[in-house]
Amino acid sequence: MAQTDHRTLRRVLRREVAGTIGLLADEHDFRAMRRYDSFSFDDHTTYLQHMEAFLRTRALQGSHTTVALFDPEDYAEYCAAKGLDPDSHTSRTRFTAELAATGPAVPYDGRPLTDLLPTLVDEAVRRATWEYAATLLTRLGACAVCGEDLGRAAFARASHLLVRILDTAPPGERHLVCSVSGPPETLVAVLHADDDTGRMELDENEALEFTTVLAVGLATGSPGGLVMRTTRPGSPDRVHGWRLRAHGLEALTAGEVFDAYCTDAETGELIPPESNVDYCRPPDLGEDSGPDHRH
């Protein structure tokens, strides 16, 4: 009886423990791990099948699992920095534990891995975009005239503009995209902000990433744009757009928004307009009242 009680209590404790799994998302990363003798799998497809079965079993047992993106290059650097043997289960476990706090990760919610993997990769891209954009802002340094931190000033300006965009937007589900062109590649950030219930709902991480990318565009004067689409039941979708300018946003006319949405960015060919969509000039943001830094 006592032994049964002990087993029951251990099962209860296992349900209280949150776990993190490091996932090798593609064939390239999988092949990189095969150089270690302690890594048991030979085939990526088989590896994913066993990983999915394991995740489902934990979910059925009531355990919460976070799935993190396992990067073999980052792992090798981690082991070198910590003086660990990379060909070791223990080293991989330590690295995976840190991924939960520092790396791209998503909670396992029962979806097939074929559906979860794109979400995990998108999370990695989002994090990399934010880190790169934040680095660009930091490198701007101080203003030669007044000594103000240029990156911080641009971020404050971007924050103000984002608040004004959301405050002046029609109610509904808002989907915002900000893109900033420049070497080595275009930075893109997405933000979802809904107020169907009369209360603004948005993801804080998304908002931080979006504001940082917008700040880069404002500070550097790089070509870019910002588009917002608002959806509300019973009404046509409304699409607004702005062109990024140094220190601010320039509203696009309804015709310019229409042209942007109905032209293929790569080929320049026309795309048929969507039905039940209104292409509109955005409301006045009153930008002059916001924080700015210019000489």
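Bear in mind that the values here come from a model prediction, so they are computed numbers and not experimental data.

Calculation criteria
Throughout, residues of each chain are indexed from 1 in the direction in which the sequence is written. A pLDDT threshold of at least 70 governs which residues receive local features in this predicted model, and a stricter bar of 80 or more applies before side-chain atom pairs are shown or counted, although totals over entire chains, interfaces and linings include all residues. Side-chain measures here rest on the full set of heavy atoms in the structure, leaving out hydrogens and waters. Numbering of helices and strands starts at the N terminus; helices are DSSP runs of H or I of at least 4 residues and strands are runs of E of at least 2. Think of it in three bands: residues with accessible area under 20% of the maximum for their type are buried, residues over 50% are exposed, and the middle band is partly exposed, with areas taken using a 1.4 Å probe on protein chains only. Residue contacts are defined here by distance: any two heavy atoms, one from each residue, within 4.5 Å place the two residues in contact. What makes a salt bridge here is a side-chain nitrogen of Lys or Arg within 4 Å of a carboxyl oxygen of Asp or Glu, nothing more. One requirement defines pairing of two strands: DSSP has to find at least two bridges between them. Helix axes are fitted only over the stretch in contact, all axes being lines through C-alpha atoms; the angle between N-to-C directions runs from 0 to 180 degrees. The method works on a 1 Å grid over the protein atoms by themselves. A cavity is a set of points holding a 1.4 Å probe that cannot get out, a pocket is an open set with protein on both sides within 12 Å along at least five of seven lines, and residues with an atom within 4 Å of a point line them. Grid points are joined across faces, edges and corners, and a volume is the space filled by probe spheres set on the points. Three categories are distinguished: nonpolar for Ala, Val, Leu, Ile, Met, Phe, Trp, Tyr, Cys and Pro, charged for Asp, Glu, Lys and Arg, and polar for the others, with Gly belonging to the last. Side-chain rings of Phe, Tyr and Trp, where Trp is taken by its six-membered ring, are said to pair if the distance between their centres is within 6.5 Å; with planes under 30 degrees apart they count as stacked, over 60 as edge-to-face, and otherwise as tilted.

### Here's the deal with the overall build of the chain
Here comes step 1: In terms of regular secondary structure, the chain is built from nine helices and ten strands.
Here comes step 2: The burial tally for the chain puts 37% of its 295 residues in the buried class.
Here comes step 3: Considering only contacts within the chain whose residues lie at least 6 apart along the sequence, 61% involve residues at least 24 apart.

### Points about the pattern of salt bridges
Here comes step 1: For the coordinates displayed, the defined rule picks out ten salt bridges.
Here comes step 2: Put simply, Glu123 and Arg126 hold a salt bridge, and the shortest N to O gap is 3.2 Å. Taken together, the positions of Glu123 and Arg126, both in helix α6 (residues 113–139) and three residues apart, correspond to about one turn of that helix.
Here comes step 3: Overall, Arg126 belongs to the partly exposed group, its relative accessible area being 27%.
Here comes step 4: With a shortest N-O distance of 2.8 Å, Arg126 and Glu209 are connected by a salt bridge. With Arg126 in helix α6 and Glu209 in helix α8 (residues 204–220), the pair connects residues that are 83 residues apart, well separated along the chain.
Here comes step 5: Each of Arg243, Arg245, Glu250 and Glu256 takes part in salt bridges that share partners, so that together they form one network.

### Some remarks on the sheet that holds strand β2 (residues 65–69)
Here comes step 1: Strands sit in the order β1-β2-β3 across an open sheet of three strands; the sheet is mixed. Looking at the sheet topology across the chains shown, the edges are occupied by β1 (19–23) and β3 (105–107). Within this sheet the neighbouring strands show an average axis-to-axis angle of 25°, counted without direction.
Here comes step 2: Bridge count for β1 against β2 is five bridges, and the pairing is parallel. When the sheet's bridge partners are listed, Leu23 is paired in β2 with Leu69.
Here comes step 3: Against the sheet, helix α3 (residues 44–60) contacts β1 and β2, and its axis sits at roughly 165° relative to β1.
Here comes step 4: Across the sheet, helix α5 (residues 89–102) lies against β1 and β2, angled at about 100° from β1, the strand it touches most.

### A short note on the layout of surface pockets
Here comes step 1: The calculated volume of the largest pocket comes to roughly 460 Å³.
Here comes step 2: Around the largest pocket sit 18 residues that line it, and Gly22, Phe39, Tyr47, Met51 and Arg92 are the ones nearest its centre.
Here comes step 3: For the lining of the largest pocket, the secondary structure elements donating two or more residues are β1, α3 and α5.
Here comes step 4: The residue inventory of the lining of the largest pocket, partitioned by class, reads nine nonpolar, eight polar and one charged.

### Comments concerning the side chain of Thr129
Here comes step 1: By secondary structure assignment, the location of Thr129 is in helix α6.
Here comes step 2: Aside from chain neighbours lying at most four places away, what touches Thr129 is Leu187, Val188 and Val213.

### Some points on the pairing of strand β8 (residues 237–245)
Here comes step 1: With six bridges connecting them, strand β7 (residues 224–231) and β8 associate as antiparallel partners. Bridging across to β8, Gly225 finds its partner in Arg243.
Here comes step 2: Between β7 and β8, which follow one another and run antiparallel, lie five residues, and Gly234 among them has a positive phi close to 85°.

### Looking at the packing of aromatic side chains
Here comes step 1: All chains considered together, the criterion is met by twelve aromatic pairs.
Here comes step 2: Both rings, one in Phe30 and one in Phe39, keep their centres 5.5 Å apart while their planes meet at 70°; by these two values the pair is edge-to-face. You'll find Phe30 and Phe39 in the same group, each marked buried.
Here comes step 3: Considering the side-chain rings of Tyr261 and Tyr279, the 5.9 Å spacing of their centres and the 55° angle between planes classify their relative orientation as tilted. Of the two residues, Tyr261 is situated in helix α9 (residues 254–261) and Tyr279 in strand β10 (residues 277–279); the sequence distance between them amounts to 18 residues.
Here comes step 4: Taking relative accessible area as the criterion, Tyr261 reaches 28% and is therefore assigned partly exposed.

### Here's the deal with unusual backbone geometry
Here comes step 1: For Asn276, which is not a glycine, the phi torsion comes out positive at approximately 60°.
Here comes step 2: Take Asn276: its relative accessible area is 52%, and that puts it in the exposed class.

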